[in-house]
Amino acid sequence: EPGLTLWGFSNGAKLAACHLTSPTTAQNGLDIRRVLLSSGSWGLPLIPQEDAKKVVKVALKAIKSCKRKDFTDGQEYVACLRRAPIEEIRKADELVYAVQVADDFFRVTENVTPTPGTPEI
């Protein structure tokens with residue numbers, strides 16, 4: 001059976017999952033038939049689009065070598081991001097991960113965490 005099989009581990013699993021949910025996958029002719037997600041597979045930031053945009057803005061600010069305002073063309077900006085020092089990319093990834101963890105934690109615990117003025121559980 002023709003088609004592409006993806007395997008991803010840790011952040012690679014997140015990227016493989018992103019390929020599954022991206023509308024550009026089919027538009028670019030990628031025929032993904034199977035995906036194996038290992039370790040941290042379900043790490044997609046399933047947050048509202050407006051919140052996701054805010055997270056991305058914060059992460060991109062961590063990439064000091066590429067300031068969006070310095071570019072008039074989106075393709076030039078993407079090219080700069082691809083050349084950015086790995087340490088800046090790592091810091092941006094850590095920021096996104098921290099936001100995901102905090103968001104997931106508060107979403108999961110909000111129904112069981114006592115707040116002032118509410119009866120104890």
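The structure this text deals with has already been given above.
Just so you know, these numbers come straight off a predicted model, no measurement behind them.

Each value, and the rule that gives it
- Throughout this description, residue numbers start from 1 for each chain and increase along the sequence as written.
- The predicted origin of the model limits local features to residues at a pLDDT of at least 70 and limits the giving and counting of side-chain atom pairs to 80 or more, whereas totals for whole chains, interfaces and linings rest on all residues.
- Side-chain figures throughout are based on the complete set of non-hydrogen atoms in the structure, without hydrogens or water.
- Secondary structure elements follow DSSP: runs of H or I of four or more residues count as helices, runs of E of two or more count as strands, with numbering from the N terminus.
- Under the scheme applied here, a residue whose accessible area is under 20% of the maximum for its type counts as buried, over 50% as exposed, and between as partly exposed, the area being computed with a 1.4 Å probe on protein chains only.
- Should any heavy atoms of two residues lie within 4.5 Å, those residues are considered in contact.
- Pairs of N or O atoms within 3.5 Å make up the polar contacts considered here, provided that, within protein, one atom can donate a hydrogen while the other can accept it, and that residues adjacent in sequence are counted only when both atoms are side-chain atoms.
- Pairs of cysteine sulfur atoms within 2.5 Å are identified as disulfides in what follows.
- Salt bridges are defined as contacts in which a side-chain nitrogen from Lys or Arg sits within 4 Å of a carboxyl oxygen from Asp or Glu.

A. Representation of the overall build of the protein chain. Counting its regular elements, the protein chain contains five helices and two strands. Seen in sequence order, the protein chain has helices and strands lined up from the N terminus as β-α-α-β-α-α-α. In the protein chain, which comprises 121 residues, the share counted as buried stands at 21%. Pairs at least 24 residues apart make up 62% of the contacts formed inside the protein chain by residues separated by at least 6 positions.

B. Fine view of the side chain of Ser38. Locating Ser38 in the fold gives a position in strand E2 (residues 32–38). Among the polar contacts listed, one links the side chain of Ser38 to the side chain of Trp7, at a separation of 3.1 Å.

C. Highlighting the state of the cysteines. Throughout the structure, instances matching the rule amount to one disulfide. With a sulfur-sulfur separation of 2.0 Å, Cys66 is cross-linked through a disulfide to Cys80. What sets the handedness of the Cys66 and Cys80 disulfide is the S-S torsion sign, and at about -95° it is left-handed. Of this pair, Cys66 sits in the loop between helix H3 (49–61) and helix H4 (74–83) while Cys80 is found in helix H4, placing the two residues 14 residues apart along the sequence.

D. Layout of the pattern of salt bridges. A complete count under the given rule lists three salt bridges for this structure. Arg33 serves as the salt-bridge partner of Asp31, at 3.0 Å between the closest nitrogen and oxygen. Given a relative accessible area of 35%, Asp31 falls into the partly exposed group. Taking the relative accessible area as the measure of exposure, Arg33 reaches 40% and is therefore partly exposed.

E. How the structure looks around the environment of Ser38. Overall, the relative accessible area of 18% leaves Ser38 in the buried class. Sequence-wise, Ser38 and Gly8 are 30 residues apart; in three dimensions their C-alpha atoms are separated by 6.1 Å. Those residues in contact with Ser38 that lie beyond four places of it in its chain are Trp7, Gly8, Phe9, Ser10 and Ala13.

Just geometry here; none of it tells us what the structure is for.
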